[in-house]
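If you want the building blocks of each chain, they are given just below.
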Amino acid sequence: MDNQIVIHASDKQKRIALIENGELAQFFIESPENRRSVGDIYLAQVHKVMGGIRAAFIDISTPKDAFLHYSDLGEHLEEYLVMLNGRESVSKKASEQLREFRKKVSDNQLQGVSGREQSTLEQNHLGNLLQPGQKIMVQIVKEPIGSKGPRVSTDITLAGRFLVLIPFGDYVAVSKRIRSFKERRRLRSVIGNLLPAGFGVIVRTVAEGQDEKALIDDLKDLHNKWLNITELLKTSKPTTLLHRDLDMTESLMRDLFSKNYNRILVDEPGAYKMIRNYIGKIAPTMLKNVEQYKGREHIFDHMKISRDVDSIFSPRVKMPSG
């Protein structure tokens, strides 16, 4: 399997090519003015609540308000609102209606109502908790496009290399792609024994076969990030950036450089040093797979992907049928 991450870096931007089985599979461009913001967490403020379109507009100090659809209201919205604003800031009536609805669902008293309809009804009840002026914690899930602001969610998660930490959760879920029952049980046991109270975890596919120390270190790192966020909340006001997720390069390293990709080739010395430092923290045994390209020809020419990269920006696309 010839899967590689090839990075051409300059002062203005980074161009990242993912090569799978010898062919260009994906291509990314990262620049200072086009910084990746997905995953960033803000202490924000509710600007408008628009029940008619089942959405709210959230002030995070971007040119356009962030868009929060009711389908992105996490099940722990009420806990966050109370934590940030106090119990009196949440409508008692809306809170009781949400609690009664959830009790009916758990008691199976909504026969004849489909699961999808139940989900929509619960989202509407959650939406009734929102009021203009409330402080709210949101996470960007989609970059702004054109005249539209970013899309955000109140379902806060912190992603690590092997785990995803879920504040206010109370479960350990294992990726369905891990098929071995024995391995799933092992992972649940390792994480479940160490998971702090009041947190949930999703075990990612790449955790399969990882030793206990790697999993514990990842969990500790994510928990420390959350503690840093809660510490910031004590003195922060809307609209404060509480947590900045990894940049595009680091994100790709975290998510892809494991069993799927066996080599990173980068041409710029500064980027090479940064990547080695990051890999040294998350996967020291894989440092040998990080290489600096020192040839004279362009790195994409050397890897024979220049034509494929150029075709991405061509107004004409060749289809297999002609």
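Residues numbered from 1 in each chain as written. Predicted model: local features only at pLDDT ≥ 70, side-chain atom pairs only at ≥ 80, totals over all residues. Heavy atoms only, no water.

Draft legend 1. View of the pattern of salt bridges. Overall, the coordinates contain nine salt bridges when judged by the stated rule. The partner of Lys234 in a salt bridge is Glu231, with the nearest N and O atoms 3.2 Å apart. Given a relative accessible area of 63%, Lys234 falls into the exposed group. A relative accessible area of 47% places Glu231 in the partly exposed class. (Salt bridge = Lys/Arg side-chain N within 4 Å of Asp/Glu carboxyl O. Buried < 20%, exposed > 50% of the residue type's maximum accessible area, 1.4 Å probe, protein only.)

Draft legend 2. Spotlight on the sheet that holds strand E11 (residues 172-174). Strand order in the open sheet formed by four strands is E9-E10-E12-E11, with mixed pairing between adjacent strands. Bordering the open sheet on either side are strand E9 (158-159) and E11, each of which pairs with just one other strand. Of the pairings in the sheet, the one linking strand E10 (residues 163-167) to strand E12 (residues 199-203) comprises five bridges and is antiparallel in character. When the sheet's bridge partners are listed, Val164 is paired in E12 with Ile202. Along the sheet face, helix H5 (residues 212-233) touches E9, E10 and E12 and points at about 35° away from the line of E10. (Pairing = 2+ DSSP bridges. Helix = DSSP H or I, 4+ residues; strand = E, 2+ residues; numbered from the N terminus. Contact = heavy atoms within 4.5 Å. Axes fitted to C-alpha atoms, helices over the stretch in contact; angles between N-to-C directions.)

Draft legend 3. Inspection of the environment of Ile58 at higher detail. For Ile58, the location among the structural elements is in strand E5 (residues 55-59). Take Ile58: its relative accessible area is 0%, and that puts it in the buried class. Separated by 38 residues in sequence, Ile58 and Glu20 have C-alpha atoms that sit 40 Å apart. Ignoring sequence-local partners within four residues, the contact set of Ile58 consists of Ala44, Gln45, Val46, His47, Asp65, Ala66, Leu68, Ile136, Val138 and Val152.

Draft legend 4. Broad picture of the nonpolar core. Membership of the largest hydrophobic core comes to 29 residues, with the highest contact counts inside it found for Met137, Leu163, Leu165, Ile191, Val201, Val203 and Trp226. Listed by contribution, the elements that provide at least two residues to this core are strand E4 (41-50), helix H1 (77-85), E10, E11, helix H4 (181-194), E12 and H5. Here the element with the most residues in this core is H5; it accounts for six residues. Those residues in contact with Leu163 that lie beyond four places of it in its chain are Leu158, Ile191, Val201, Ile202, Val203, Arg204, Leu215, Asp218, Leu219 and Leu222. (Core = buried A, V, L, I, M, F, W, Y, C linked by side-chain atoms within 4.5 Å.)

Draft legend 5. Region of the structure containing a negative patch on the surface. On the surface, Glu23, Glu297, Asp301, Asp308 and Asp310 cluster together into a patch of negative charge. Tracing the sequence through the fold places Glu23 in strand E3 (residues 23-30). (Patch = residues over 30% accessible without salt bridge, like charges linked within 9 Å, V, L, I, M, F, W, Y side chains within 5 Å. Areas by Shrake-Rupley, 256 points an atom, 1.4 Å probe, with all protein chains shown as cover. Lys, Arg positive; Asp, Glu negative; His and termini not counted. Charge placed at Lys NZ, Arg CZ, Asp CG, Glu CD.)

Draft legend 6. Broad picture of the packing of aromatic side chains. Tallying each qualifying case throughout the model produces five aromatic pairs. Aromatic pair Phe57 and Phe67: ring centres 5.7 Å apart, planes at 65°, arrangement edge-to-face. Highlighted residues: Phe57 in strand E5 and Phe67 in strand E6 (residues 66-69), separated in sequence by 10 residues. For Phe67, a relative accessible area of 23% corresponds to the partly exposed category. A ring pair is formed by Tyr80 and Phe168, whose centres lie 4.8 Å apart and whose planes are at 85°; its orientation type is edge-to-face. You can see Tyr80 sitting in helix H1 and its partner Phe168 sitting in the loop between E10 and E11, a full 88 residues away along the chain. The exposure class assigned to Tyr80 is buried, which follows from its relative accessible area of 3%. A relative accessible area of 29% means that Phe168 is categorised as partly exposed. Aromatic rings pair up to connect Phe27, Phe300 and Phe313 into one cluster. (Phe/Tyr/Trp six-rings, centres within 6.5 Å; stacked < 30°, edge-to-face > 60°.)

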